[in-house]
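Letter by letter, the chains look like this.
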Amino acid sequence: MMESCDVVIAGAGLVGATLALALGDAGLSVTLIEPRAPAVYDDRWDRRIYAVSPGSAALLAQVGAWQGMAAERVARVETMRIFGDAPGASLAFSAYDAGLGELAFIAESGRMQAALWQCLARAPHVRILCPAQCVALRLHEACAEMEFDSGTILRAQLVVGADGAQSWVREQAGIRVAEYDYGQCGVVANFSCALPHRDTAHQWFRADGVLALLPLPGNRVSMVWSTAEAHARELLALDAAALASRVGDAGNGVVGALQVITPPASFPLKMQRVAQFVAPRLALVGDAAHNVHPLAGQGVNLGFRDARELAAVLRRRGAQHDCGDLALLRRYERARREDVLSMQLATDGLQKLFASRAVWLSQARNLGMRIIQSRHRLKNLLVKHAVA
Ligand SMILES: Cc1cc2nc3c(=O)[nH]c(=O)nc-3n(C[C@H](O)[C@H](O)[C@H](O)COP(=O)(O)OP(=O)(O)OC[C@H]3O[C@@H](n4cnc5c(N)ncnc54)[C@H](O)[C@@H]3O)c2cc1C
């Protein structure tokens, strides 16, 4: 059987689902393919918590999903405090100083995903195939074809790979990817805390990695501890009380005594750079196009910015271009390269700078923090980039 649409998106993660809604709003017929059935969520706190930039929240609002997020499950970050590994080396960013409502929102991945699925269910131009898996991708001059195990062939002007860091679409298209394994894991867990966090996100660059405590609604915080694999295994093996006490001590007790509310989990950390974001009749978005260290909390935000840009390019296309036209897709790639590359360089550079035990580097990085702290314009510039 042969079916057709304008754009087929592989992967209904946060980025693919958002892009599908944005393209559907632009009047394109979209088919969204996802192998995993949507998860069912209860009241428990999701272990995957993301710092969502105001720009990303605005995109989610534009496609109708942010409104579906219960206010009592979303926290605002008004202040961010970052500590180096020498006494007095610290940085503070404030939404008030930068003239912003907030620096970021902290939200559960699962709830954002559920809000997106609700919007997808009523999006007139988006068809969802889930659970569904493609077995072949063919890129022709005039169209792209996806073949399913049922034998059905889906023909589209453009295929978008939004299928994550191990992208099958990227592999089928033969796009090269350079991978750097940090030899670290991101250990995540949620805690209740004895003291109020005052809408402040804390981050410590420590000898054993980068520890972040992000505010959750109420007296709760979410941890991301990017640390060597052996230390990650050690943290995962601790019982709840020992983990709470270890994290509380590492965070200098800023939010008082902790209690585990979501058990820890860990994720391997890698940087991936792809040789190209586009090919004739193909575009990559989200983790399929780039993977960054989570120390800046920007991975999914980069993906949302991909979705925003690709939707804008396709919406603005003239009558002479169909959606898979390479000249059009290159506009998307050009618009995204710099943002992605600068985030990869910044996160990779910071990770390596703070991972080094060399004394001169320790002095340089902590001095760097003090200099940035004293330069208000520079700080505001950094904030403006992070909230986009
Ligand atoms: C510890 C940690 C903390 C993080 N914290 C933050 C943060 O605070 N802020 C932030 O911005 N980012 C953060 N990130 C990054 C963030 O997790 C990712 O950037 C984000 O999940 C990528 O979303 P995505 O939709 O591109 O890919 P994914 O979430 O990987 O979604 C891909 C989708 O494609 C589907 N799929 C897989 N294979 C196929 C196939 N063959 N065909 C079709 N579909 C397929 C999958 O089932 C999935 O639904 C963090 C990452 C880590 C590891």
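Not measured: the values here are computed from a predicted model.

Caption draft 1: Local environment of the overall build of the protein. A count of helices and strands for the protein gives ten helices and 19 strands. What you see for the protein is a C-alpha radius of gyration of 21 Å, in line with the 21 Å of a compact globule of 388 residues. For the protein, the spread of C-alpha atoms along the three principal axes comes to 65 × 45 × 40 Å. Here the protein holds 388 residues, and the buried ones make up 52% of them. For the protein, long-range pairs separated by at least 24 residues make up 73% of all intrachain contacts whose partners lie at least 6 apart in sequence. Summed over all atoms, the accessible surface of the protein reaches about 17000 Å², with 54% contributed by carbon and sulfur. Between the averaged position of the 40 positive side-chain charges in the protein and that of its 36 negative side-chain charges there is a distance of 6 Å.

Caption draft 2: Spotlight on the site of the ligand. The local shell around the ligand holds 28 residues, among which Glu34, Tyr50, Ala51, Asp287 and Val300 are the closest. Val300 is positioned such that a nitrogen or oxygen atom in its backbone is 2.8 Å from an oxygen atom of the ligand. Relative to its unbound accessible area of 1000 Å², the ligand is 85% covered by the protein chains. Residue assignment for the shell around the ligand shows that the elements contributing at least two residues are helix 1 (14–25), strand 3 (49–52), strand 16 (258–274) and helix 7 (299–316).

Caption draft 3: Seen up close, the sheet that holds strand 3. Strands sit in the order 3-7-4 across an open sheet of three strands; the sheet is antiparallel. Looking at strand neighbours, the two that pair on one side only are strand 3 and strand 4 (75–77), the edges of this open sheet. Each adjacent strand pair in this sheet contributes to an overall mean axis angle of 30 degrees, direction not counted. By the bridge criterion, three bridges tie strand 4 to strand 7 (residues 104–108) in an arrangement that is antiparallel. From the neighbouring strand, Val77 faces strand 7, where its bridge partner is Ala104. Relative to strand 7, helix 3 (residues 109–121) is tilted by about 85 degrees, and along the sheet it contacts strand 3 and strand 7.

Caption draft 4: Spatial organisation of the pattern of salt bridges. Counted according to the given criterion, the structure contains 18 salt bridges. Here Glu145 and Arg138 are joined by a salt bridge, their closest N and O atoms 3.4 Å apart. Glu145 sits in the buried class, given a relative accessible area of 8%. By relative accessible area, Arg138 is classed as partly exposed at 28%. A salt bridge links Glu234 to Arg246; the nearest nitrogen and oxygen atoms lie 3.0 Å apart. Within this pair, whereas Glu234 is found in helix 5 (residues 229–237), its partner Arg246 is found in helix 6 (residues 240–250), the two being separated by twelve residues in sequence.

Caption draft 5: Broad picture of the packing of helix 7 against helix 8 (residues 326–355). At their nearest, the axes of helix 7 and helix 8 sit 9 Å apart, and the two run at 160 degrees to each other. Taken together, the axes of helix 7 and helix 8 lie roughly antiparallel to each other. Along this stretch, helix 7 crosses helix 8, giving a crossing that reads as right-handed. Packed against helix 7, whose contacting residues are Leu302, Arg305, Asp306, Glu309, Leu310, Val313 and Leu314, the element helix 8 presents Leu328, Leu329, Arg331, Tyr332, Ala335, Arg336, Asp339, Val340 and Met343 at the interface. Its residues assigned to classes, the contact of helix 7 with helix 8 comprises ten nonpolar, no polar and six charged.

Caption draft 6: Up close: the sheet that holds strand 5 (residues 79–83). Spatially, the eight strands line up as an open sheet ordered 6-5-13-14-15-12-16-19, and their pairing is mixed. On the outer flanks of this sheet lie strand 6 (90–94) and strand 19 (290–291), each paired with one strand and no other. Pairing analysis gives five bridges linking strand 13 (residues 200–206) to strand 14 (residues 209–216), with the strands arranged antiparallel. Each residue of the ladder has a partner; that of His202, found in strand 14, is Leu213. Running at roughly 120 degrees to strand 16, helix 8 makes contact with strand 12 (177–193), strand 13, strand 16 and strand 19 of the sheet.

Caption draft 7: Highlighting the side chain of Ser222. Among the structural elements, Ser222 can be located in strand 15 (residues 220–228). Since its relative accessible area comes to 1%, Ser222 is described here as buried. Ignoring sequence-local partners within four residues, the contact set of Ser222 consists of Ile49, Ala189, Asn190, Ala212, Leu213, Leu214 and Leu216.

Caption draft 8: Spatial organisation of the packing of helix 1 against helix 3. Here helix 1 crosses helix 3 at 25 degrees, and the two axes come no closer than 10 Å. It follows from the interaxial angle that helix 1 and helix 3 lie roughly parallel. You can see that helix 1 and helix 3 cross each other, and the crossing is left-handed. Counting all contacts with helix 1, which are made through Leu14, Ala17, Thr18, Ala20 and Leu21, the residues of helix 3 involved are Ser109, Met112, Gln113, Leu116, Cys119 and Leu120. Here the residues of the contact of helix 1 with helix 3 sort into eight nonpolar, three polar and no charged.

Reading guide: rules and limits
Residues numbered from 1 in each chain as written. Predicted model: local features only at pLDDT ≥ 70, side-chain atom pairs only at ≥ 80, totals over all residues. Heavy atoms only, no water. Helix = DSSP H or I, 4+ residues; strand = E, 2+ residues; numbered from the N terminus. Rg over C-alpha atoms; globule rule 2.2 N^0.38 Å. Buried < 20%, exposed > 50% of the residue type's maximum accessible area, 1.4 Å probe, protein only. Contact = heavy atoms within 4.5 Å. Areas by Shrake-Rupley, 256 points an atom, 1.4 Å probe, with all protein chains shown as cover. Lys, Arg positive; Asp, Glu negative; His and termini not counted. Charge placed at Lys NZ, Arg CZ, Asp CG, Glu CD. Near = heavy atom within 4 Å. Polar contact = N/O pair within 3.5 Å; in protein donor to acceptor, adjacent residues only side chain to side chain. Pairing = 2+ DSSP bridges. Axes fitted to C-alpha atoms, helices over the stretch in contact; angles between N-to-C directions. Salt bridge = Lys/Arg side-chain N within 4 Å of Asp/Glu carboxyl O. Parallel < 35°, antiparallel > 145°, perpendicular 65-115°, else oblique. Left-handed = near helix turned anticlockwise from the far one by under 90°. Nonpolar A, V, L, I, M, F, W, Y, C, P; charged D, E, K, R; others polar.

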